[in-house]
Number of protein chains: 2
Amino acid sequence: MKTLQERIQQDGEVLSSQVLKVDAFLNHQVDPVLTMDIGQAFAQRFQGETITKVLTIEASGIHFAMATALALRVPFVYAKKKKAVTQEAVYSVPVHSFTRQETYQISVSQKYLSPDDQILIVDDFLATGAALLGLVELIQQAGARLVGVGAVIEKSFQPGRSLLEQAGVRVESLARIAEMSPGQITFIEEAEETVKEKVTSYVK
Amino acid sequence: MKTLQERIQQDGEVLSSQVLKVDAFLNHQVDPVLTMDIGQAFAQRFQGETITKVLTIEASGIHFAMATALALRVPFVYAKKKKAVTQEAVYSVPVHSFTRQETYQISVSQKYLSPDDQILIVDDFLATGAALLGLVELIQQAGARLVGVGAVIEKSFQPGRSLLEQAGVRVESLARIAEMSPGQITFIEEAEETVKEKVTSYVK
């Protein structure tokens, strides 16, 4: 997604070869128009698929799920990182955060994922894949079908995509970073044609 | 907001005189079309005001801030409940959650609130007002101007609105609950005319 890559180049901040800050426009202060475009882009990448629900995880995935769900005209659900105060039957899985060096429990009420659901997962970052693999497992617990994963930014030098693809999951990332260092970001360029072909072949 | 009240009557779940669950359509599973309408309604209530930014708190305020910011064509910022991993100068204030009986720190990077900002706060619930008063204090720390507070649902039998109004804050809630019990919700009816008058008188 060209406009997203340009925005990352312009307003992103590379702190090291591993850490990219995009909190000026994606995950602390947020540009709502860009977010809507991101939702449209995910809907287009998964065009031809039947999707009944979008799933993400609080907090930084919520606005992207919102934009994607609106484009698809389906509800979205966000997994929680804290137990609800009210007692509730939930699907639940532990997720290890490498950034924070802690393990937390993510959960979704059993009322909102069912075996009839066909689910698109979206999130802001795909890096180690830990959080996204956790969401995949929630969907398995519910017996729902996973359509694929959409990531706004992929750190392609980290193992997240490989781990998801090994699990048979289709991954679409809107900006794929091959490598980065302060002042320098190299994206993996995907021709628009390739994306369109991929979509076309997928709907056959 | 009539459609919101009807939806709360239809899909909300009153667990007691104090606890209303709306996680089927507002804050766990979310209806994105209703959320967009809510954003439009906030923009309309504060019509005539200059607003440079929408502020909310993670996680359940994010999609409402997104919809409101989109309607106003301004960025939104969500306050965080956890410290960022990267070192950062922040505005910060402790907030006590009566529901969870715990105190947590909310913060916003100093980069994203400035004395030039005119800010509309939005959140899903206005009850004790603790979280919203915390956001008001963040704005004071930044020296920004607070335009007002928009709440999707107000528990009018709790002191939040009074506390905010005592602090000189304009409050607009889209559904005001006078009282409730399992199977029964009574809203405070506001004539559409009253709302329009209020907006008109405010822009003089």
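Keep in mind it's a predicted model, so treat the numbers as computed, not measured. (Residues numbered from 1 in each chain as written. Chains lettered and ligands numbered in written order. Predicted model: local features only at pLDDT ≥ 70, side-chain atom pairs only at ≥ 80, totals over all residues.)

J.: When you look at the packing of helix α2 (residues 32-45) of chain A against helix α3 (residues 62-72) of chain B in this model, what are you seeing that I'm missing?
T.: The angle between the axes and the distance between the axes are what describe a pair of packed helices. The contact between α2 of chain A and α3 of chain B brings their axes to 9 Å, and the two run at 110°. Overall, the two elements α2 of chain A and α3 of chain B adopt an arrangement that is roughly perpendicular. Residues Pro32, Val33, Thr35 and Met36 of chain A of α2 of chain A touch α3 of chain B, and the partners they reach there are Met66, Ala69 and Leu70 of chain B. Looking at the contact of α2 of chain A with α3 of chain B residue by residue, the classes come out as six nonpolar, one polar and no charged. (Axes fitted to C-alpha atoms, helices over the stretch in contact; angles between N-to-C directions. Helix = DSSP H or I, 4+ residues; strand = E, 2+ residues; numbered from the N terminus. Parallel < 35°, antiparallel > 145°, perpendicular 65-115°, else oblique. Contact = placed C-beta atoms within 7 Å. Nonpolar A, V, L, I, M, F, W, Y, C, P; charged D, E, K, R; others polar.)

J.: I'm lost on the sheet that holds strand β10 (residues 171-181) of chain A in this one. Help?
T.: Strands in a sheet are paired, the pairing made by backbone hydrogen bonds, and the direction either parallel or antiparallel. Read across the open sheet, the seven strands follow the order β11(A)-β10(A)-β9(A)-β8(A)-β4(A)-β5(A)-β3(B); overall the sheet is mixed. Bordering the open sheet on either side are β11 (184-187) of chain A together with β3 (29-30) of chain B, each of which pairs with just one other strand. One ladder, built from three bridges, connects strand β4 (residues 53-57) of chain A with strand β8 (residues 118-126) of chain A; its direction is parallel. Bridge pairing in β8 of chain A places Lys53 of chain A opposite Ile119 of chain A. Across the face of the sheet, helix α1 (residues 2-11) of chain A comes into contact with β10 and β11 of chain A while running at roughly 30° to β10 of chain A. (Pairing = 2+ DSSP bridges.)

J.: Could you clarify how one ought to interpret the nonpolar core in this entry?
T.: Nonpolar side chains in soluble globular proteins tend to end up buried together. Counting residues in each nonpolar core, the largest one holds 123 residues, and the members touching the most others are Leu135 of chain A together with Leu135 of chain B. The dominant element in this core, judged by the number of residues it contributes, is α3 of chain B, at nine residues. Residues within four places of Leu135 of chain A in sequence aside, it is in contact with Leu55, Ile57, Ala79 and Ile121 of chain A. (Core = buried A, V, L, I, M, F, W, Y, C linked by C-beta atoms within 7 Å. Buried ≥ 20, exposed ≤ 12 C-beta atoms within 10 Å, placed from the backbone.)

J.: Whenever I open this one, the interface of chain A and chain B confuses me. Can you help?
T.: The parts lose accessible area when they come together, and the size of an interface is often stated as this lost area. Listed by partner, the interface residues are 29 residues for chain A and 29 residues for chain B. The set of elements that each furnish at least two residues to the side of chain A that touches chain B consists of β3 (29-30), α2, α3 (62-72) and β5 (76-79) of chain A. It is α3 of chain A that provides the largest number of residues to the side of chain A that touches chain B, a total of five residues. Of the residues assigned to the side of chain A that touches chain B, the class counts are 17 nonpolar, seven polar and five charged. Sheet analysis places β3 of chain A next to strand β5 (residues 76-79) of chain B, joined by two bridges and oriented antiparallel. Within β5 of chain B, the position partnered with Val30 of chain A by the bridge is Phe76 of chain B.

J.: So what exactly am I meant to see when it comes to the environment of Phe187 of chain A here?
T.: Residue and element names in this part refer to chain A. Note that Phe187 resides in strand β11. With 126 residues separating them in the primary sequence, Phe187 and Gly61 have C-alpha atoms 22 Å apart. When neighbours within four sequence positions are excluded, Phe187 is seen to be in contact with Gln5, Ala175, Arg176, Ile177 and Ala178.

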